[in-house]
2 protein chains.
Amino acid sequence: MTDGTTIEQQLQAHGIHPTAARILVLQKLSELTHPVSMTELETELETMDKSTIFRTLNVLLEHHAIHSFEDGSGSTKYEICRCESTVCRVENRHIHFYCEECRRTFCIEDVKIPIVALPEGYHIETINYTVKGLCPECSRRQA
Amino acid sequence: MTDGTTIEQQLQAHGIHPTAARILVLQKLSELTHPVSMTELETELETMDKSTIFRTLNVLLEHHAIHSFEDGSGSTKYEICRCESTVCRVENRHIHFYCEECRRTFCIEDVKIPIVALPEGYHIETINYTVKGLCPECSRRQA
DNA sequence: CCGCACATGCAACCCGGTTGCAAACTGACA
DNA sequence: TGTCAGTTTGCAACCGGGTTGCATGTGCGG
């Protein structure tokens, strides 16, 4: 699901009926290099209603076109899924970093989530690995 | 900070002035074997006001007597810190499991958070490793 | 006993997320 | 092409976790 395909094709590949709203949201998410909150999307897409964004994100989530996770900021963050296939495996997911100073959330694309062995019986759906602390910029400023 | 010491002593060891509210909250957290939300604490401690619980939890957090983290439930969860020393190292922290079916959060005490190497410059404060999926009970029921 | 700093309760508030409902749109079919 | 059913969207209202301001209570040093 990387470049070469249009947003519309990406939606269809995930079995999502491509509407204006869905194209716009996915478009925006694919442009951004960092995860965003619903509120941030709201300001990026002023024409679109909050509830529409909310429902659109849910559709995209259900069809695994995007991921969501919680950094420690209080609001859920969303990012486009850049897997090759339409199903994204846990092993391919990267970790995130939340800076407690500037409150930005970073994708650490290079570092994949380490998978642990759980006790018998647990069925893993998804994993969230988020590090909190100071980003390079802020820790330099503090020093 | 394990057994043998009273709740009051534990508070003092963390440099916290032991008041009735703080003792009650820490007491409750030490009894419980699973992480709880503020709301859950509210119902457990009916006498105490929501805002008092909120501020108490913050005091306990600042002095590292407890931990907080977000499973995917929307509300922050709190659990007592069972480290030996007054400072709890990241390496000692365990992972959590959130069941999307029964909405319970489990401590997987046996499994410690795997530590990854971050790119230069990031300063780690804390890490949240939470697995979402089905707990043993619910996945058996579904089968 | 007084005064001060800190702790608590109450009520109001903020805001992210969520829902009900009516209008707008789309696509299938006559 | 016109019509109807199902889907999508916007609007407004709501919900609940979290947070704050302020007045009252409590404990301690002087």
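The following paragraphs examine the structure supplied in this document. Just so we're clear, the structure is a prediction, and the values are computed from it rather than from any experiment.

1. A few points about the environment of C81 of chain B
Residue and element names in this part refer to chain B.
Link 1 in the chain: Tracing the backbone through its elements, the reader meets C81 in the loop between β3 (76-80) and β4 (94-99).
Link 2 in the chain: A relative accessible area of 4% places C81 in the buried class.
Link 3 in the chain: Note: C-alpha distance between C81 and H64 (17 residues apart in sequence) is 7.4 Å.

2. Observations regarding the interface of chain A and chain B
Link 1 in the chain: In this assembly, 35 residues from chain A lie in contact with 35 residues from chain B.
Link 2 in the chain: Here chain A packs against chain B, burying approximately 2,600 Å² in sum over the two surfaces, 62% of which is carbon and sulfur.
Link 3 in the chain: The largest share of the area that chain A buries against chain B comes from E70, Y122 and Y129 of chain A, three residues that together contribute 22% of it.
Link 4 in the chain: The tally of links between chain A and chain B comes to 14 residue pairs in polar contact (both at pLDDT 80 or more).
Link 5 in the chain: Secondary-structure elements contributing two or more residues to the side of chain A that touches chain B are β4 (94-99), β5 (105-112), β6 (123-134) and α5 (136-142) of chain A.
Link 6 in the chain: The element best represented in the side of chain A that touches chain B is β6 of chain A, accounting for 12 residues.
Link 7 in the chain: Looking at the side of chain A that touches chain B residue by residue, the classes come out as 20 nonpolar, nine polar and six charged.

Definitions and limits used
- Numbering of residues starts from 1 in each chain and follows the order in which that chain's sequence is written.
- Whichever chain is written first becomes A and whichever ligand is written first becomes 1, with later ones labelled in order.
- Reporting of local features is limited, given that this is a predicted model, to residues whose pLDDT is at least 70; pairs of side-chain atoms are given and counted only at 80 or more, and all residues count toward the totals for whole chains, interfaces and linings.
- In computing side-chain values, all of the structure's heavy atoms are included and hydrogens and water are not.
- Strands here are runs of E lasting at least two residues and helices are runs of H or I lasting at least four, both read from the DSSP assignment and numbered beginning at the N terminus.
- Note on exposure labels: buried denotes an accessible area under 20% of the residue type's maximum, exposed denotes more than 50%, and partly exposed covers the range between, all computed with a 1.4 Å probe on protein chains only.
- For this analysis, residues touch if any pair of their heavy atoms sits within 4.5 Å.
- Accessible-area loss on putting two parts together, using a 1.4 Å probe and summing over both, is the definition of buried area adopted here.
- Under this definition, polar contacts are N or O atom pairs within 3.5 Å; protein pairs additionally need one hydrogen-donor-capable and one acceptor-capable atom, and for neighbouring residues in sequence, both atoms have to be side-chain atoms.
- Here the nonpolar group is Ala, Val, Leu, Ile, Met, Phe, Trp, Tyr, Cys and Pro; Asp, Glu, Lys and Arg are the charged ones; every other residue, Gly included, is treated as polar.

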